[in-house]
Amino acid sequence: MSAITIYHNPACGTSRNVLGLIRNSGEEPVIVEYLKTPPDRGTLERLIAAMGVPVRDVLRVKGTPYEALGLGDPKWDDDALIGFTLQYPILINRPIVVTPLGTRLCRPSETVLDILPSPQRGAFAKEDGAPVVDGEGRRV
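Please read these numbers as outputs of a predicted model, since none were measured by experiment. (Residues numbered from 1 in each chain as written. Predicted model: local features only at pLDDT ≥ 70, side-chain atom pairs only at ≥ 80, totals over all residues. Heavy atoms only, no water.)

Caption draft 1: Up close: the overall build of the chain. Helix and strand counts for the chain come out as 4 helices and 6 strands. The C-alpha radius of gyration of the chain comes to 15 Å, within 12% of the 14 Å expected for a compact globule of 140 residues. Projected onto the principal axes, the alpha-carbon positions of the chain cover approximately 50 × 30 × 25 Å. Classification of the 140 residues of the chain by burial places 45% in the buried group. Of the roughly 7,100 Å² of accessible surface on the chain, a fraction of 51% belongs to carbon and sulfur atoms. With 16 positive and 17 negative side-chain charges, the chain shows a separation of 3 Å between the mean positions of the two kinds. (Helix = DSSP H or I, 4+ residues; strand = E, 2+ residues; numbered from the N terminus. Rg over C-alpha atoms; globule rule 2.2 N^0.38 Å. Buried < 20%, exposed > 50% of the residue type's maximum accessible area, 1.4 Å probe, protein only. Areas by Shrake-Rupley, 256 points an atom, 1.4 Å probe, with all protein chains shown as cover. Lys, Arg positive; Asp, Glu negative; His and termini not counted. Charge placed at Lys NZ, Arg CZ, Asp CG, Glu CD.)

This is how it looks when you write it as structure tokens:
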């Protein structure tokens, strides 16, 4: 079993780029398609705590019911916001990656390089062609 887990949405370009960078390091992560298999409350709370960020930082606005639910209103506390993500997993921003070196919301995709235990094995470019890693495995 891999020591790396990615909470992944295959329809998201950033998530696909992060998965590619993980694989470019020689690792095959555990892939959790969180829209099909959402994390439970305890898992989500542990992920947020491990990232050391406010709950609001893991909420996705674009393409979600965020605005319709009024989630920008400060009346919603962390417990309520987590409840909304359990009801609407699309509200969870992605990808979240867990490695032995830490847990991060990997936006932008290059963020994952900070927590990968193995170096990149070669060049890597994002889907849009933007280079991330050169032929020597160094971040560009």
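Caption draft 2: Local environment of helix α1 (residues 13–24). Helix length check: α1, at 12 residues, gives a terminal C-alpha distance of 16 Å against a target of 16 Å (1.5 Å per residue), a fit within 8%. Among the residues of α1, Ser15, Asn17, Val18, Leu19, Gly20, Leu21, Ile22 and Asn24 are the ones counted as buried. Of the surrounding elements, those touching the buried residues of α1 are β1 (5–8), β2 (30–33), β3 (96–99), β5 (124–125) and β6 (131–133). Positive backbone phi, approximately 90°, marks glycine 26, located one or two places after α1. (Expected span 1.5 Å × (residues − 1). Contact = heavy atoms within 4.5 Å.)

Caption draft 3: View of the sheet that holds β1. The strand order across the open sheet formed by 4 strands is β2-β1-β3-β4, and the pairing between neighbours is mixed. Since the sheet does not close on itself, it has two edges, and those belong to β2 and β4 (102–105), each with one partner. Each adjacent strand pair in this sheet contributes to an overall mean axis angle of 15°, direction not counted. Sheet topology note: the β1/β3 ladder contains 3 bridges and is antiparallel. Looking across to β3, one finds that threonine 5 is bridged to valine 98. Strand contacts of α1: β1, β2 and β3, with the helix running at about 165° to β1, the strand carrying the most contacts. Those strands touched by helix α2 (residues 41–51) are β1, β3 and β4, and its axis lies near 95° from that of β4. (Pairing = 2+ DSSP bridges. Axes fitted to C-alpha atoms, helices over the stretch in contact; angles between N-to-C directions.)

Caption draft 4: Region of interest: the pairing of β2. Bridge analysis of β1 against β2 gives 4 bridges, and the strand direction is parallel. From the neighbouring strand, histidine 8 faces β2, where its bridge partner is glutamate 33. With α1 bridging β1 and the parallel β2, this β-α-β connection has right-handed handedness. (Right-handed = clockwise from strand over helix to strand, strands pointing away.)

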